[in-house]
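Below are the chains, spelled out letter by letter.
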Amino acid sequence: MKKRTIKWLICSTALVQLVLTVGFFCPKFTYASGPDLPKIYFSEIMGEGSSASTDDKWIELYNSSSEIVELSGWSVFDEVKKAKGSKKAEIKITDGLIAPGGYFLIARGEKNHKFKSGEEEKQSVLNIDPDVVDSNVSWDKLHFQLSLRDKTGTAIDWAGSGGKLPQGIGHNPKRSIKRVAFEGGVSEGDWTLSTDTEIKNLDECTEENYNDCVLDFAFPENSGRPKIESVSVAKNKFAKNQDFALDLEYSVNDSKGDLDRIVVEILSGEKVAEKTESEFGKNHFVFGPGNFDKARISFFDQTGLWSSKDFDLIFYQKSNQVKFSEVLPHPRNRDWNSDGKVDTNDEWIELVNLGAGDIDLSGWEIRDKAGKIFKLDGKIIEHGSFLLIYNLKPIIINDSGEELLLVGPEGETADSVKVPSSSSPSKEDAAYAREGDSWCWTKTPTPGGANKIIGFEETADIGEAGEAQTAVLEEEDIADDTSEETAKIILITTVKRADLSNIPTEIPKIDSYVLGTQAQNNSVGAFLESKYLLYLASAGMLFSIIFIYEFSRRQR
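This text gives an overview of the structure that appears in the document. (Residues numbered from 1 in each chain as written. Predicted model: local features only at pLDDT ≥ 70, side-chain atom pairs only at ≥ 80, totals over all residues. Heavy atoms only, no water.)

1. Quick look at the environment of Ala239
Thinking step 1. Position of Ala239 relative to the elements: it lies in strand β16 (residues 237-239).
Thinking step 2. In sequence terms Ala239 and Asn291 are 52 residues apart; their C-alpha atoms lie 9.7 Å from each other.
Thinking step 3. Those residues in contact with Ala239, other than ones at most four positions away along the chain, are Phe315 and Tyr316. (Helix = DSSP H or I, 4+ residues; strand = E, 2+ residues; numbered from the N terminus. Contact = heavy atoms within 4.5 Å.)

2. Quick notes on the packing of aromatic side chains
Thinking step 1. This structure, assessed with the given rule, holds 17 aromatic pairs.
Thinking step 2. Geometrically, the ring pair formed by Phe238 and Phe244 is tilted, given 5.0 Å between the ring centres and 40 degrees between the ring planes. As far as burial versus exposure is concerned, Phe238 and Phe244 are alike and both buried.
Thinking step 3. One aromatic cluster is present, built from ring pairs that chain together Phe238, Phe244, Phe287, Phe292 and Phe315.
Thinking step 4. Between Arg261 and the ring centre of Phe300, over which it is positioned, the NZ or CZ distance is 4.3 Å. (Phe/Tyr/Trp six-rings, centres within 6.5 Å; stacked < 30°, edge-to-face > 60°. Buried < 20%, exposed > 50% of the residue type's maximum accessible area, 1.4 Å probe, protein only. Lys NZ or Arg CZ within 6 Å of the ring centre and 35° of its normal.)

3. Things to note about the environment of Ser161
Thinking step 1. Among the secondary structure elements, Ser161 is positioned in the loop between β12 (155-159) and β13 (177-179).
Thinking step 2. Spatially, the C-alpha atom of Ser161 lies 5.0 Å from that of Val186, the residues being 25 residues apart in sequence.

4. Structural notes on unusual backbone geometry
Thinking step 1. The omega torsion across Asn172 and Pro173 is 5 degrees, close enough to zero to call that bond cis.
Thinking step 2. Between Lys393 and Pro394 the backbone carries a cis peptide bond, its omega angle lying at 15 degrees.
Thinking step 3. Position of Pro394 relative to the elements: it lies in the loop between β30 (386-389) and β31 (402-407).
Thinking step 4. We note that Gln167 has phi near 70 degrees; this positive angle belongs to a residue other than glycine.
Thinking step 5. In this structure Gln167 comes out as partly exposed when scored by relative accessible area, which is 22%.
Thinking step 6. Its identity is not glycine, yet Asn391 carries a phi of approximately 50 degrees, on the positive side.
Thinking step 7. If you trace the backbone, Asn391 turns up in the loop between β30 and β31.

5. Digging into the pairing of strand β27 (residues 365-368)
Thinking step 1. Bridge analysis of β27 against strand β28 (residues 373-375) gives three bridges, and the strand direction is antiparallel. Residue pairing across strands places Arg367 opposite Ile373, the latter belonging to β28.
Thinking step 2. Connecting the antiparallel pair β27 and β28 is a turn made up of four residues, with Gly371 showing a positive phi of about 90 degrees.
Thinking step 3. The pairing of β27 with β31 spans four bridges and is classified as antiparallel. (Pairing = 2+ DSSP bridges.)

6. Digging into the sheet that holds strand β18 (residues 259-268)
Thinking step 1. Taking strand neighbours across the sheet as the criterion, the four strands line up as β19-β18-β21-β22 in an open arrangement whose pairing is antiparallel. Unpaired on one side and paired on the other, β19 (271-279) and β22 (306-312) mark the two borders of the sheet. This sheet shows a mean twist of 20 degrees between the axes of neighbouring strands, independent of strand direction.
Thinking step 2. Sheet topology note: the β18/β19 ladder contains eight bridges and is antiparallel. Note that in β19 the partner of Glu265 across the bridge is Lys275. (Axes fitted to C-alpha atoms, helices over the stretch in contact; angles between N-to-C directions.)

7. Focus on the sheet that holds strand β4 (residues 74-78)
Thinking step 1. Ordered in space as β5-β4-β11-β12, the four strands form an open sheet in which the pairing is antiparallel. Edge strands, defined here as strands with exactly one partner in the open sheet, are β5 (90-93) and β12. Between one strand axis and the next, the sheet turns by 15 degrees as a mean value, whatever way the strands run.
Thinking step 2. Pairing geometry for strand β11 (residues 146-149) and β12, over four bridges, is antiparallel. Bridge pairing links Leu146 to Ala159 in β12.

Put into structure tokens, the structure is as follows:
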């Protein structure tokens, strides 16, 4: 009796473990439900490809709800590929809208795409623009299962159960499969084959959205969303505190021919500050003064579908009081920007605001003699203060000599400096600094502070045009360790603030102004493949059997 009990325990444990394992890995067709979830379905699929190519595949979605649904961030997954860990299992919808009672087309290629087979080239039978084109639109017709998932990863709909394509394979001519049971989708009976009875004009063999006289039968529909071919603004820089106008040029294609209106929104951050709309065709829009970030241009059709494009707006200030103050062209032995290494990113330029008011440098630029541009957008230099700039790329100050231009928001030259050669060892980690109306080399750079001219005799006059001209001062024997009291100290600004006379004792950190720091996007999470979980389940089953056997042996 004991032996039978032991055998029964072992067998029942193994059976339970097996049921749990199989139940875990069997396909689960769980549909999202609830009043707030959109009713979007797979509606038609060109599963085997067309007479042009087996790769001539596409997927059509249908919206049974009464609202426009935003599909951005949604995906279609080939569940068979996904189970194998393929990186090509996902078809992403990065930008998409589907109208109520409307469709959305996802295809492997553009309309009239050319497929190559050896030396032969055949044109896709599709002659309508897909809403999404993705080379991942490909699957095994013998093992077919697709899922439609929203941006949270929730499965909204399924097509196929993992076996052959619904309604079978090997059809001649090629036919799409069309959904007939929208609450199903996983069995053969949920689909039907497209037939020639649906062709609009059989005598002329013409199908809507399909190239004429092909042998295949399919009836794809796209969303009909307006498609922006081009849009531009005449200018996006405007003077502060004044009315401004946006003059647009645009070309928009609409396959259904129902373009309705154009909407222009002026944004401050992500908040809409001003909005105006007009009939399609208008291109001149006037707005009141303000300090805005973006203009969003949107084109709507009569259904309410739209396409948009954003443009940055720059509101500038002009000034003749912002000047170059100091330049360090040849870092060599010192990590000036404190990033742990000495390289060209340790070059720096210092600007000074000699005026009585703060200046927004949006629209301003620094240019070198090669025409490379460093933009100062969004930076404000306070009155009587300095702006220290590291990481000047794409500008790299040539050791053989360089000319720098400070260019104002309307393209005017606000200041300029010709930096002499810094290639000699004596100019390593030395700064070229303004001294009144002249420029001098100094062995005591003062990034972010008032200039201090120590250790060099040569100087240069700025001149009327801002061009440096060589001049010679009387020789002064000033040692590097000259005290602050006896050294020659030059104060830059005529408008002095309390902190301008302080010479920094440490080199300012890179956070004074760093351009080009890129935010790093880290991928999160990990996906356990089913084969590893199967190994784990099998190990658990084996452990259970051994445990029961050992327990029963000790009970004898």
